[in-house]
Amino acid sequence: MQARSVLTGAGLWFWLAENGEKVAPRFPADAWAVPPAGLPARDPERLAALAQARTLFLLGQRRGEREAMTAALNAAGGQRVAAVRAL
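Scoring rules and cut-offs
Residues numbered from 1 in each chain as written. Predicted model: local features only at pLDDT ≥ 70, side-chain atom pairs only at ≥ 80, totals over all residues. Heavy atoms only, no water. Helix = DSSP H or I, 4+ residues; strand = E, 2+ residues; numbered from the N terminus. Buried < 20%, exposed > 50% of the residue type's maximum accessible area, 1.4 Å probe, protein only. Areas by Shrake-Rupley, 256 points an atom, 1.4 Å probe, with all protein chains shown as cover. pLDDT = per-residue confidence, 0-100. Salt bridge = Lys/Arg side-chain N within 4 Å of Asp/Glu carboxyl O. Patch = residues over 30% accessible without salt bridge, like charges linked within 9 Å, V, L, I, M, F, W, Y side chains within 5 Å. Lys, Arg positive; Asp, Glu negative; His and termini not counted. Contact = heavy atoms within 4.5 Å.

J.: Describe the overall build of the protein chain, naming the residues involved and giving the relevant values.
T.: Along the backbone of the protein chain there are four helices and zero strands. Shown N-terminal to C-terminal, the secondary structure of the protein chain runs as helices and strands in the order α-α-α-α. The buried share of the protein chain, reckoned over its 87 residues, is 8%. As displayed, the protein chain offers around 7,400 Å² of accessible surface, 61% of which is attributable to carbon and sulfur atoms.

Spelled out as structure tokens, the structure:
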């Protein structure tokens, strides 16, 4: 079974959604009628975001890292949440 959704604290969600580096520029609904032309920008901010996303992905592939995450979720009471128990 693969996790499709994991509950996070407000601080982590805010960092991911608002403060963290972004791999793609903001694309609000009012801009959808005219999509940007060409390839995505390769400016330093985007490259940093891609490097960060790759690092997080690779960390998630390590068994020890997944076990540490499981231990942290358990310590925080995550076993009370069915979605976390499935992990």
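This is not the end of the story, as more comes after the structure.
J.: Give a description of the confidence of the model for the protein chain that names residues and reports values.
T.: Low pLDDT means the predicted atomic positions in that stretch should not be read closely. Put simply, the protein chain has an average pLDDT of 78, and 86% of its residues get 70 or more. Within the protein chain, the element-level pLDDT minimum falls on helix α4 (residues 82–85), averaging 68, and the maximum on helix α2 (residues 44–61), averaging 87.

J.: Describe in detail the pattern of salt bridges, supporting the description with residues and values.
T.: Summed over all chains, the structure comprises one salt bridge. The salt bridge partner of Arg63 is Glu67, with a shortest N-O separation of 2.9 Å. With Arg63 and Glu67 both in helix α3 (residues 63–75), this residue pair falls four residues apart, about one helical turn. The class for Arg63 is exposed, based on a relative accessible area of 60%. Residue classification places Glu67 among the partly exposed positions, given a relative accessible area of 45%.

J.: Describe a nonpolar patch on the surface, and please don't skip the residues or the numbers.
T.: A grouping of Leu12, Trp13, Trp15, Leu16 and Leu56 is seen on the molecular surface, where their side chains present a nonpolar patch of about 510 Å² in accessible area. The leading source of residues in the nonpolar patch is helix α1 (residues 10–19), at four residues. Looking at the secondary structure, you find Leu56 in helix α2.

J.: Mind laying out the side chain of Arg46, listing which residues take part and the relevant values?
T.: Within the secondary structure, Arg46 is located in helix α2. It turns out Arg46 is buried and unbridged, and the closest side chain with the opposite charge, Asp43, is 4.4 Å from it. Setting aside anything within four residues of it in sequence, one finds Arg46 in contact with Lys22, Val23, Ala24, Pro25 and Ala41.

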